[in-house]
Amino acid sequence: MITDMTSLSNLFPNKGSKILMKSTSSTALTAMDPSEIIATLREGLLVLTEDLTVEFASDKFLKMFRVNRHDTVGRALGDLGDGQWNIPALLGPLNAVVTQDVTLEDLEVDHHFDHIGRRVMRLNARKTVWAGHNAKRILLAVDDVTEAADHARELGLQRRLAEGIVDTLREPLLVLDGDLQIMAASRAFHLKFRVDAEQALGRNLVDLGNGQWANPELIRLLKEVLPDHSTIEDYEITHAFPQIGVRTVLLNARKIFSEGLSTKTLLLAIEDVTERRLLEAERDRALDQSNRLLEELNHRVMNSMSMIGSVISMEGRALSDVDCKAAFTRMRNRIDAIGTLYRALSRTGAVDHVQADDYLNAIMRDAVAAMEMSPGTITITLADSEIELSTRIAVPLGLIVNELATNSLKYAYVGRDTGKLGLGIVPTDDVIAFTFWDDGPGIDVNARVDSGLGQKLIEAFVEQLGGTLSPSSGLDGTQYVLAIPHAELSKF
(Lines give C-alpha, C1' and ligand atoms only; values in the text may rest on other atoms or scores of the structure.)
Protein backbone atom coordinates (compact mmCIF):
# COMPACT_ATOMS: atom_id res chain seq x y z
CA MET A 1 0.00 0.00 0.00
CA ILE A 2 1.31 3.46 -0.94
CA THR A 3 0.83 5.67 2.06
CA ASP A 4 3.27 8.54 1.52
CA MET A 5 5.57 10.24 -0.98
CA THR A 6 8.48 7.94 -0.20
CA SER A 7 6.64 4.73 -0.98
CA LEU A 8 5.37 6.37 -4.21
CA SER A 9 8.93 6.01 -5.56
CA ASN A 10 8.37 2.26 -5.83
CA LEU A 11 6.43 2.97 -9.03
CA PHE A 12 9.66 3.95 -10.75
CA PRO A 13 12.42 1.44 -11.68
CA ASN A 14 15.55 3.14 -10.35
CA LYS A 15 17.56 3.14 -7.12
CA GLY A 16 16.39 5.14 -4.18
CA SER A 17 13.67 7.64 -4.86
CA LYS A 18 14.82 8.95 -8.22
CA ILE A 19 12.96 8.91 -11.54
CA LEU A 20 14.65 7.01 -14.36
CA MET A 21 13.93 8.82 -17.65
CA LYS A 22 14.44 6.97 -20.94
CA SER A 23 14.70 10.13 -23.00
CA THR A 24 18.22 11.44 -23.16
CA SER A 25 16.84 14.95 -23.56
CA SER A 26 15.25 14.72 -20.09
CA THR A 27 18.18 13.39 -18.11
CA ALA A 28 18.00 16.42 -15.85
CA LEU A 29 14.78 15.02 -14.39
CA THR A 30 16.40 11.71 -13.37
CA ALA A 31 17.91 13.28 -10.29
CA MET A 32 14.59 14.70 -9.05
CA ASP A 33 12.49 13.32 -6.20
CA PRO A 34 8.98 12.35 -7.49
CA SER A 35 7.44 13.98 -4.45
CA GLU A 36 8.78 17.32 -5.64
CA ILE A 37 7.15 16.85 -9.05
CA ILE A 38 3.82 15.88 -7.49
CA ALA A 39 3.93 18.83 -5.11
CA THR A 40 4.25 21.27 -8.03
CA LEU A 41 1.31 19.86 -9.98
CA ARG A 42 -1.81 22.01 -10.16
CA GLU A 43 -3.96 18.89 -10.25
CA GLY A 44 -4.62 16.49 -7.42
CA LEU A 45 -3.20 12.98 -7.98
CA LEU A 46 -4.62 9.57 -7.09
CA VAL A 47 -2.94 6.20 -7.56
CA LEU A 48 -5.53 3.43 -7.98
CA THR A 49 -5.29 -0.33 -8.08
CA GLU A 50 -6.96 -2.31 -10.85
CA ASP A 51 -10.10 -2.59 -8.75
CA LEU A 52 -10.01 1.24 -8.34
CA THR A 53 -8.91 1.21 -4.72
CA VAL A 54 -7.05 4.36 -3.68
CA GLU A 55 -3.41 3.59 -2.85
CA PHE A 56 -2.16 7.15 -2.81
CA ALA A 57 -3.72 10.63 -2.63
CA SER A 58 -1.67 13.79 -3.05
CA ASP A 59 -1.96 16.71 -0.67
CA LYS A 60 -3.49 18.80 -3.48
CA PHE A 61 -6.28 16.25 -3.91
CA LEU A 62 -7.01 16.13 -0.18
CA LYS A 63 -7.12 19.91 0.05
CA MET A 64 -9.14 20.30 -3.17
CA PHE A 65 -11.94 18.02 -1.95
CA ARG A 66 -11.58 18.75 1.79
CA VAL A 67 -10.97 15.15 2.83
CA ASN A 68 -8.30 13.53 5.02
CA ARG A 69 -5.84 10.83 4.09
CA HIS A 70 -7.20 8.33 6.59
CA ASP A 71 -10.68 8.36 5.03
CA THR A 72 -9.28 8.20 1.50
CA VAL A 73 -6.30 5.87 1.16
CA GLY A 74 -7.19 2.18 1.16
CA ARG A 75 -10.83 2.71 0.18
CA ALA A 76 -12.54 2.04 -3.12
CA LEU A 77 -12.94 5.20 -5.17
CA GLY A 78 -16.69 4.68 -5.45
CA ASP A 79 -16.99 4.45 -1.62
CA LEU A 80 -15.27 7.74 -0.86
CA GLY A 81 -17.39 10.35 0.91
CA ASP A 82 -20.06 7.81 1.82
CA GLY A 83 -20.59 6.95 -1.81
CA GLN A 84 -20.40 10.49 -3.17
CA TRP A 85 -17.65 9.38 -5.55
CA ASN A 86 -19.84 6.64 -6.98
CA ILE A 87 -20.04 8.59 -10.21
CA PRO A 88 -20.81 6.46 -13.31
CA ALA A 89 -19.37 9.15 -15.61
CA LEU A 90 -16.06 8.72 -13.75
CA LEU A 91 -15.97 5.01 -12.88
CA GLY A 92 -16.96 3.82 -16.34
CA PRO A 93 -14.05 5.50 -18.17
CA LEU A 94 -11.61 4.42 -15.42
CA ASN A 95 -12.64 0.77 -15.83
CA ALA A 96 -12.01 1.19 -19.55
CA VAL A 97 -8.48 2.37 -18.71
CA VAL A 98 -7.98 -0.82 -16.72
CA THR A 99 -9.47 -3.30 -19.15
CA GLN A 100 -8.84 -1.75 -22.55
CA ASP A 101 -5.46 -0.13 -22.11
CA VAL A 102 -6.76 3.30 -23.06
CA THR A 103 -5.99 6.71 -21.57
CA LEU A 104 -8.27 9.52 -20.48
CA GLU A 105 -7.53 12.97 -21.87
CA ASP A 106 -9.31 16.01 -20.39
CA LEU A 107 -12.50 14.18 -19.46
CA GLU A 108 -14.88 16.60 -17.71
CA VAL A 109 -17.23 15.32 -15.03
CA ASP A 110 -19.85 17.60 -13.45
CA HIS A 111 -20.90 16.38 -10.00
CA HIS A 112 -22.40 17.69 -6.77
CA PHE A 113 -20.68 16.84 -3.48
CA ASP A 114 -22.63 17.24 -0.26
CA HIS A 115 -19.93 19.02 1.71
CA ILE A 116 -18.35 21.23 -0.98
CA GLY A 117 -21.14 21.63 -3.49
CA ARG A 118 -20.99 21.37 -7.25
CA ARG A 119 -17.63 20.72 -8.87
CA VAL A 120 -16.52 20.29 -12.47
CA MET A 121 -13.49 17.97 -12.60
CA ARG A 122 -11.10 17.60 -15.51
CA LEU A 123 -9.60 14.12 -15.46
CA ASN A 124 -6.52 12.63 -17.04
CA ALA A 125 -5.71 8.97 -16.40
CA ARG A 126 -3.33 6.31 -17.66
CA LYS A 127 -2.30 2.81 -16.68
CA THR A 128 1.23 2.10 -15.45
CA VAL A 129 3.13 -0.94 -14.09
CA TRP A 130 4.49 -1.09 -10.55
CA ALA A 131 8.20 -1.68 -10.98
CA GLY A 132 9.45 -5.08 -9.82
CA HIS A 133 6.01 -6.44 -9.08
CA ASN A 134 4.39 -6.41 -12.50
CA ALA A 135 1.34 -4.89 -10.80
CA LYS A 136 -0.84 -2.49 -12.72
CA ARG A 137 -1.80 0.87 -11.30
CA ILE A 138 -3.90 3.78 -12.53
CA LEU A 139 -2.56 7.31 -12.25
CA LEU A 140 -5.50 9.72 -12.04
CA ALA A 141 -4.93 13.48 -12.18
CA VAL A 142 -7.92 15.53 -11.04
CA ASP A 143 -8.22 19.29 -11.68
CA ASP A 144 -11.03 21.46 -10.31
CA VAL A 145 -12.15 23.56 -13.31
CA THR A 146 -15.58 24.56 -12.00
CA GLU A 147 -15.07 28.29 -12.38
CA ALA A 148 -13.51 28.00 -15.82
CA ALA A 149 -16.21 25.55 -16.98
CA ASP A 150 -19.00 27.82 -15.73
CA HIS A 151 -17.38 30.78 -17.41
CA ALA A 152 -17.02 28.83 -20.64
CA ARG A 153 -20.61 27.64 -20.40
CA GLU A 154 -21.83 31.20 -19.84
CA LEU A 155 -19.77 32.41 -22.77
CA GLY A 156 -21.20 29.60 -24.85
CA LEU A 157 -24.75 30.58 -23.89
CA GLN A 158 -24.05 34.21 -24.67
CA ARG A 159 -22.45 33.27 -27.97
CA ARG A 160 -25.40 31.09 -28.94
CA LEU A 161 -27.80 33.83 -27.90
CA ALA A 162 -25.85 36.39 -29.92
CA GLU A 163 -25.75 34.05 -32.91
CA GLY A 164 -29.49 33.45 -32.57
CA ILE A 165 -30.18 37.18 -32.43
CA VAL A 166 -27.93 37.82 -35.41
CA ASP A 167 -29.57 35.07 -37.43
CA THR A 168 -33.04 36.46 -36.76
CA LEU A 169 -32.10 39.88 -38.12
CA ARG A 170 -33.60 40.67 -41.47
CA GLU A 171 -30.60 42.78 -42.44
CA PRO A 172 -27.31 41.08 -43.40
CA LEU A 173 -24.71 41.50 -40.69
CA LEU A 174 -20.95 40.93 -40.64
CA VAL A 175 -18.68 40.79 -37.62
CA LEU A 176 -15.15 41.87 -38.57
CA ASP A 177 -11.92 42.15 -36.65
CA GLY A 178 -9.66 45.18 -36.86
CA ASP A 179 -8.05 43.87 -40.05
CA LEU A 180 -11.47 43.33 -41.68
CA GLN A 181 -11.30 39.57 -41.34
CA ILE A 182 -14.78 38.03 -41.14
CA MET A 183 -15.37 36.58 -37.68
CA ALA A 184 -19.09 35.88 -38.12
CA ALA A 185 -21.81 36.39 -40.70
CA SER A 186 -25.56 36.28 -40.27
CA ARG A 187 -27.83 33.88 -42.09
CA ALA A 188 -29.40 36.87 -43.88
CA PHE A 189 -25.96 37.81 -45.24
CA HIS A 190 -25.40 34.34 -46.68
CA LEU A 191 -28.85 34.26 -48.25
CA LYS A 192 -28.86 37.81 -49.58
CA PHE A 193 -25.40 37.83 -51.11
CA ARG A 194 -25.30 34.11 -51.92
CA VAL A 195 -22.09 33.48 -50.01
CA ASP A 196 -21.45 30.09 -48.38
CA ALA A 197 -20.38 30.18 -44.74
CA GLU A 198 -17.19 28.30 -45.64
CA GLN A 199 -16.34 30.99 -48.18
CA ALA A 200 -16.80 33.82 -45.70
CA LEU A 201 -15.61 32.83 -42.23
CA GLY A 202 -11.96 33.56 -41.62
CA ARG A 203 -11.51 35.41 -44.89
CA ASN A 204 -10.72 39.07 -45.26
CA LEU A 205 -13.52 41.21 -46.59
CA VAL A 206 -11.18 42.48 -49.30
CA ASP A 207 -10.65 38.91 -50.55
CA LEU A 208 -14.30 37.84 -50.43
CA GLY A 209 -15.77 36.86 -53.80
CA ASN A 210 -12.37 36.89 -55.50
CA GLY A 211 -11.89 40.50 -54.51
CA GLN A 212 -15.30 41.64 -55.76
CA TRP A 213 -16.18 42.94 -52.30
CA ALA A 214 -13.15 45.22 -52.30
CA ASN A 215 -15.19 48.38 -52.80
CA PRO A 216 -12.72 51.25 -52.27
CA GLU A 217 -15.33 53.46 -50.63
CA LEU A 218 -16.42 50.71 -48.24
CA ILE A 219 -12.86 49.79 -47.30
CA ARG A 220 -11.99 53.45 -46.74
CA LEU A 221 -14.97 53.88 -44.46
CA LEU A 222 -14.11 50.88 -42.34
CA LYS A 223 -10.37 51.54 -42.14
CA GLU A 224 -10.21 55.34 -42.00
CA VAL A 225 -13.53 56.84 -41.05
CA LEU A 226 -14.74 54.30 -38.50
CA PRO A 227 -11.61 54.42 -36.29
CA ASP A 228 -12.21 58.17 -35.85
CA HIS A 229 -15.97 57.92 -35.38
CA SER A 230 -17.68 55.28 -33.30
CA THR A 231 -20.49 54.70 -35.83
CA ILE A 232 -21.41 55.02 -39.48
CA GLU A 233 -25.11 55.66 -40.05
CA ASP A 234 -27.00 55.00 -43.30
CA TYR A 235 -24.05 55.54 -45.63
CA GLU A 236 -25.21 54.71 -49.13
CA ILE A 237 -23.06 53.12 -51.82
CA THR A 238 -23.77 51.42 -55.13
CA HIS A 239 -21.59 48.43 -55.96
CA ALA A 240 -21.50 45.44 -58.32
CA PHE A 241 -21.65 42.49 -55.93
CA PRO A 242 -20.80 38.96 -57.07
CA GLN A 243 -23.77 36.68 -57.79
CA ILE A 244 -26.43 39.40 -57.41
CA GLY A 245 -25.11 42.25 -59.58
CA VAL A 246 -25.30 46.00 -59.01
CA ARG A 247 -27.05 46.88 -55.78
CA THR A 248 -27.55 50.02 -53.73
CA VAL A 249 -26.97 49.39 -50.04
CA LEU A 250 -27.07 51.35 -46.80
CA LEU A 251 -24.16 50.71 -44.46
CA ASN A 252 -24.41 50.95 -40.68
CA ALA A 253 -21.22 50.19 -38.79
CA ARG A 254 -20.18 50.31 -35.17
CA LYS A 255 -16.82 49.79 -33.51
CA ILE A 256 -16.73 47.69 -30.33
CA PHE A 257 -13.70 47.34 -28.05
CA SER A 258 -13.32 44.15 -26.01
CA GLU A 259 -13.08 44.93 -22.31
CA GLY A 260 -9.55 44.49 -21.04
CA LEU A 261 -8.20 43.90 -24.52
CA SER A 262 -6.77 46.20 -27.14
CA THR A 263 -8.52 44.37 -29.96
CA LYS A 264 -11.56 45.87 -31.67
CA THR A 265 -14.53 44.38 -33.42
CA LEU A 266 -16.54 45.96 -36.22
CA LEU A 267 -20.24 45.28 -36.69
CA LEU A 268 -21.33 45.99 -40.26
CA ALA A 269 -25.03 45.91 -41.17
CA ILE A 270 -25.84 46.00 -44.88
CA GLU A 271 -29.34 46.94 -45.97
CA ASP A 272 -30.22 46.42 -49.62
CA VAL A 273 -32.30 49.43 -50.71
CA THR A 274 -32.09 48.85 -54.45
CA GLU A 275 -35.79 48.15 -54.89
CA ARG A 276 -36.68 51.00 -52.58
CA ARG A 277 -34.60 53.45 -54.59
CA LEU A 278 -36.18 52.23 -57.83
CA LEU A 279 -39.64 52.70 -56.35
CA GLU A 280 -38.70 56.12 -55.05
CA ALA A 281 -37.40 57.15 -58.45
CA GLU A 282 -40.58 55.86 -60.07
CA ARG A 283 -42.68 57.69 -57.50
CA ASP A 284 -40.73 60.91 -58.09
CA ARG A 285 -41.26 60.60 -61.83
CA ALA A 286 -44.99 60.00 -61.32
CA LEU A 287 -45.21 62.91 -58.89
CA ASP A 288 -43.35 65.17 -61.28
CA GLN A 289 -45.70 64.18 -64.08
CA SER A 290 -48.72 64.79 -61.83
CA ASN A 291 -47.38 68.21 -60.88
CA ARG A 292 -46.90 69.11 -64.52
CA LEU A 293 -50.45 67.97 -65.29
CA LEU A 294 -51.83 69.98 -62.38
CA GLU A 295 -49.88 73.04 -63.48
CA GLU A 296 -51.31 72.66 -66.95
CA LEU A 297 -54.78 72.18 -65.48
CA ASN A 298 -54.40 75.29 -63.33
CA HIS A 299 -53.27 77.26 -66.35
CA ARG A 300 -56.21 76.09 -68.42
CA VAL A 301 -58.71 76.76 -65.61
CA MET A 302 -57.26 80.24 -65.21
CA ASN A 303 -57.63 80.93 -68.93
CA SER A 304 -61.14 79.50 -68.99
CA MET A 305 -62.27 81.61 -66.03
CA SER A 306 -60.73 84.70 -67.56
CA MET A 307 -62.64 83.98 -70.73
CA ILE A 308 -65.91 83.47 -68.79
CA GLY A 309 -65.30 86.69 -66.88
CA SER A 310 -64.70 88.57 -70.11
CA VAL A 311 -67.96 87.23 -71.61
CA ILE A 312 -69.89 88.27 -68.49
CA SER A 313 -68.30 91.71 -68.61
CA MET A 314 -69.28 92.10 -72.24
CA GLU A 315 -72.85 91.06 -71.42
CA GLY A 316 -72.97 93.50 -68.53
CA ARG A 317 -71.85 96.44 -70.62
CA ALA A 318 -74.65 95.71 -73.08
CA LEU A 319 -77.27 96.10 -70.35
CA SER A 320 -79.04 99.41 -69.66
CA ASP A 321 -80.55 98.52 -66.28
CA VAL A 322 -78.29 99.78 -63.47
CA ASP A 323 -79.13 96.96 -61.07
CA CYS A 324 -78.49 94.33 -63.76
CA LYS A 325 -75.14 95.90 -64.64
CA ALA A 326 -74.20 95.88 -60.93
CA ALA A 327 -75.20 92.21 -60.64
CA PHE A 328 -73.06 91.30 -63.65
CA THR A 329 -70.15 93.24 -62.12
CA ARG A 330 -70.46 91.32 -58.85
CA MET A 331 -70.61 88.05 -60.77
CA ARG A 332 -67.50 89.02 -62.70
CA ASN A 333 -65.70 89.88 -59.44
CA ARG A 334 -66.56 86.50 -57.93
CA ILE A 335 -65.21 84.66 -60.95
CA ASP A 336 -62.11 86.83 -60.93
CA ALA A 337 -61.58 86.03 -57.22
CA ILE A 338 -61.33 82.34 -58.10
CA GLY A 339 -59.24 83.13 -61.18
CA THR A 340 -56.82 85.02 -58.91
CA LEU A 341 -56.07 81.75 -57.10
CA TYR A 342 -55.11 79.99 -60.31
CA ARG A 343 -53.00 82.94 -61.42
CA ALA A 344 -51.13 82.77 -58.12
CA LEU A 345 -50.61 79.01 -58.51
CA SER A 346 -49.43 79.44 -62.08
CA ARG A 347 -47.07 82.25 -61.10
CA THR A 348 -45.40 80.35 -58.24
CA GLY A 349 -45.45 76.91 -59.88
CA ALA A 350 -47.33 75.44 -56.89
CA VAL A 351 -50.17 72.96 -57.34
CA ASP A 352 -51.87 72.63 -53.95
CA HIS A 353 -51.01 75.65 -51.82
CA VAL A 354 -50.72 79.41 -52.11
CA GLN A 355 -49.19 82.20 -50.04
CA ALA A 356 -52.05 83.76 -48.05
CA ASP A 357 -50.97 87.41 -48.26
CA ASP A 358 -50.00 87.21 -51.95
CA TYR A 359 -53.35 85.68 -52.88
CA LEU A 360 -55.71 87.74 -50.68
CA ASN A 361 -53.92 91.02 -51.42
CA ALA A 362 -54.40 90.34 -55.13
CA ILE A 363 -58.16 89.84 -54.58
CA MET A 364 -58.32 93.17 -52.72
CA ARG A 365 -56.54 95.00 -55.52
CA ASP A 366 -58.72 93.42 -58.21
CA ALA A 367 -61.94 94.29 -56.36
CA VAL A 368 -60.89 97.92 -55.95
CA ALA A 369 -59.77 98.18 -59.57
CA ALA A 370 -63.10 96.79 -60.74
CA MET A 371 -65.32 99.14 -58.71
CA GLU A 372 -63.57 102.43 -57.94
CA MET A 373 -64.61 105.30 -60.15
CA SER A 374 -61.10 106.60 -60.75
CA PRO A 375 -57.67 105.10 -60.01
CA GLY A 376 -56.02 106.05 -56.71
CA THR A 377 -59.14 107.14 -54.86
CA ILE A 378 -59.04 104.08 -52.55
CA THR A 379 -55.94 103.51 -50.40
CA ILE A 380 -55.31 99.83 -49.58
CA THR A 381 -53.38 98.53 -46.56
CA LEU A 382 -52.36 94.98 -47.44
CA ALA A 383 -51.52 91.95 -45.29
CA ASP A 384 -48.01 90.65 -44.61
CA SER A 385 -47.82 86.99 -43.58
CA GLU A 386 -45.82 83.80 -44.16
CA ILE A 387 -48.89 81.59 -43.84
CA GLU A 388 -49.69 79.19 -46.67
CA LEU A 389 -53.21 78.10 -47.59
CA SER A 390 -54.33 74.91 -49.27
CA THR A 391 -56.32 75.48 -52.45
CA ARG A 392 -59.41 74.04 -50.72
CA ILE A 393 -59.27 76.79 -48.12
CA ALA A 394 -58.16 79.50 -50.53
CA VAL A 395 -61.33 79.38 -52.68
CA PRO A 396 -63.98 80.05 -49.97
CA LEU A 397 -61.65 82.42 -48.12
CA GLY A 398 -60.96 84.41 -51.28
CA LEU A 399 -64.68 84.68 -52.02
CA ILE A 400 -65.32 85.99 -48.47
CA VAL A 401 -62.67 88.69 -48.88
CA ASN A 402 -64.07 89.58 -52.30
CA GLU A 403 -67.62 89.95 -50.91
CA LEU A 404 -66.44 92.07 -47.97
CA ALA A 405 -64.39 94.33 -50.23
CA THR A 406 -67.30 94.65 -52.68
CA ASN A 407 -69.70 95.57 -49.86
CA SER A 408 -67.35 98.25 -48.54
CA LEU A 409 -66.80 99.69 -52.00
CA LYS A 410 -70.55 99.68 -52.58
CA TYR A 411 -71.74 101.19 -49.29
CA ALA A 412 -68.84 102.82 -47.37
CA TYR A 413 -67.86 105.53 -49.84
CA VAL A 414 -71.18 106.96 -50.99
CA GLY A 415 -70.76 110.71 -51.42
CA ARG A 416 -66.98 110.53 -50.86
CA ASP A 417 -64.06 110.91 -53.23
CA THR A 418 -61.52 108.86 -51.24
CA GLY A 419 -61.44 105.98 -48.80
CA LYS A 420 -59.32 103.32 -47.12
CA LEU A 421 -59.47 99.54 -47.05
CA GLY A 422 -57.30 97.21 -45.02
CA LEU A 423 -56.53 93.49 -44.67
CA GLY A 424 -54.56 91.81 -41.88
CA ILE A 425 -53.55 88.21 -41.10
CA VAL A 426 -52.57 87.42 -37.50
CA PRO A 427 -51.92 83.84 -36.28
CA THR A 428 -52.43 82.98 -32.59
CA ASP A 429 -52.04 79.74 -30.64
CA ASP A 430 -55.56 78.56 -31.48
CA VAL A 431 -56.74 80.41 -34.58
CA ILE A 432 -55.68 82.44 -37.57
CA ALA A 433 -57.49 85.79 -37.58
CA PHE A 434 -58.21 87.41 -40.96
CA THR A 435 -59.22 91.05 -40.34
CA PHE A 436 -60.90 93.22 -42.99
CA TRP A 437 -61.75 96.90 -42.36
CA ASP A 438 -62.79 100.13 -44.03
CA ASP A 439 -62.96 103.75 -42.86
CA GLY A 440 -66.55 104.35 -43.89
CA PRO A 441 -69.19 106.05 -41.71
CA GLY A 442 -70.37 102.73 -40.36
CA ILE A 443 -73.41 100.69 -41.25
CA ASP A 444 -76.23 98.88 -39.62
CA VAL A 445 -74.76 95.42 -39.47
CA ASN A 446 -78.11 93.78 -38.83
CA ALA A 447 -79.53 95.31 -41.97
CA ARG A 448 -77.06 93.30 -44.04
CA VAL A 449 -77.99 89.85 -42.72
CA ASP A 450 -80.61 89.10 -45.32
CA SER A 451 -79.86 91.94 -47.67
CA GLY A 452 -78.68 89.87 -50.60
CA LEU A 453 -76.80 87.00 -52.12
CA GLY A 454 -73.41 88.35 -51.02
CA GLN A 455 -74.28 88.11 -47.34
CA LYS A 456 -75.63 84.59 -47.76
CA LEU A 457 -72.46 83.52 -49.58
CA ILE A 458 -70.31 84.91 -46.76
CA GLU A 459 -72.27 83.01 -44.13
CA ALA A 460 -72.08 79.78 -46.15
CA PHE A 461 -68.33 80.07 -46.71
CA VAL A 462 -67.64 80.91 -43.04
CA GLU A 463 -69.55 77.78 -42.03
CA GLN A 464 -67.65 75.72 -44.60
CA LEU A 465 -64.34 76.87 -43.10
CA GLY A 466 -65.52 76.06 -39.54
CA GLY A 467 -64.77 79.62 -38.48
CA THR A 468 -66.55 82.55 -36.89
CA LEU A 469 -67.08 86.03 -38.38
CA SER A 470 -67.30 88.89 -35.88
CA PRO A 471 -68.41 92.27 -37.31
CA SER A 472 -68.19 95.64 -35.60
CA SER A 473 -69.18 99.04 -36.98
CA GLY A 474 -69.06 102.65 -35.89
CA LEU A 475 -68.57 106.17 -37.14
CA ASP A 476 -64.89 105.44 -37.77
CA GLY A 477 -65.59 102.46 -40.02
CA THR A 478 -66.54 98.79 -40.21
CA GLN A 479 -64.40 95.80 -39.27
CA TYR A 480 -64.81 92.03 -39.76
CA VAL A 481 -62.66 89.44 -37.97
CA LEU A 482 -62.78 85.94 -39.44
CA ALA A 483 -61.25 83.45 -36.96
CA ILE A 484 -60.47 79.97 -38.29
CA PRO A 485 -59.13 77.36 -35.79
CA HIS A 486 -55.90 75.59 -36.69
CA ALA A 487 -57.70 72.28 -36.24
CA GLU A 488 -60.17 73.22 -38.97
CA LEU A 489 -57.40 74.31 -41.31
CA SER A 490 -55.61 70.97 -40.87
CA LYS A 491 -58.68 69.12 -42.17
CA PHE A 492 -58.29 70.57 -45.65
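Whatever comes next refers back to the structure up there.
Residues numbered from 1 in each chain as written. Predicted model: local features only at pLDDT ≥ 70, side-chain atom pairs only at ≥ 80, totals over all residues. Heavy atoms only, no water.

Draft legend 1. Inspection of the environment of valine 142 at higher detail. If you trace the backbone, valine 142 turns up in strand β5 (residues 135-144). When the C-alpha positions of valine 142 and leucine 45 are compared, they lie 6.2 Å apart, and in sequence the two are 97 residues distant. Once residues lying within four places of it in the same chain are set aside, the contact partners of valine 142 are Glu43, Gly44, Phe61, Met64, Phe65, Met121, Arg122 and Leu123. (Helix = DSSP H or I, 4+ residues; strand = E, 2+ residues; numbered from the N terminus. Contact = heavy atoms within 4.5 Å.)

Draft legend 2. Looking closely at helix α14 (residues 453-465). The first and last C-alpha atoms of α14 sit 18 Å apart over 13 residues, in line with the 18 Å expected at 1.5 Å per residue. Every buried residue of α14 is listed here: Gly454, Gln455, Ile458, Phe461, Val462 and Leu465. Down the axis of α14, the buried set is contained in an arc of 130°. They therefore lie on one face. Projecting away from the buried face of α14 at angles above 90 degrees are the exposed residues Leu453 and Glu463. In the segment just after α14, glycine 466 is the residue with positive phi, at about 70°. (Expected span 1.5 Å × (residues − 1). Buried < 20%, exposed > 50% of the residue type's maximum accessible area, 1.4 Å probe, protein only. Arc of directions from axis to C-beta.)

Draft legend 3. Summary view of the pattern of salt bridges. The tally for this structure, following the rule as stated, stands at 18 salt bridges. Two residues, aspartate 110 and arginine 153, come together in a salt bridge whose shortest N-O distance is 3.7 Å. One end of the pair, aspartate 110, is in strand β3 (residues 104-113); the other, arginine 153, is in helix α6 (residues 146-168), and 43 residues separate them in sequence. In this structure, aspartate 150 and arginine 153 form a salt bridge, with 3.0 Å as the shortest nitrogen-oxygen distance. In this pair, aspartate 150 and arginine 153 are both assigned in helix α6, three residues apart and thus about one turn of the helix distant. With relative accessibility at 30%, the residue aspartate 150 sits in the partly exposed group. A relative accessible area of 39% places arginine 153 in the partly exposed class. Three or more residues joined by partner-sharing salt bridges are found here, namely Asp110, Arg118, Asp150 and Arg153. (Salt bridge = Lys/Arg side-chain N within 4 Å of Asp/Glu carboxyl O.)

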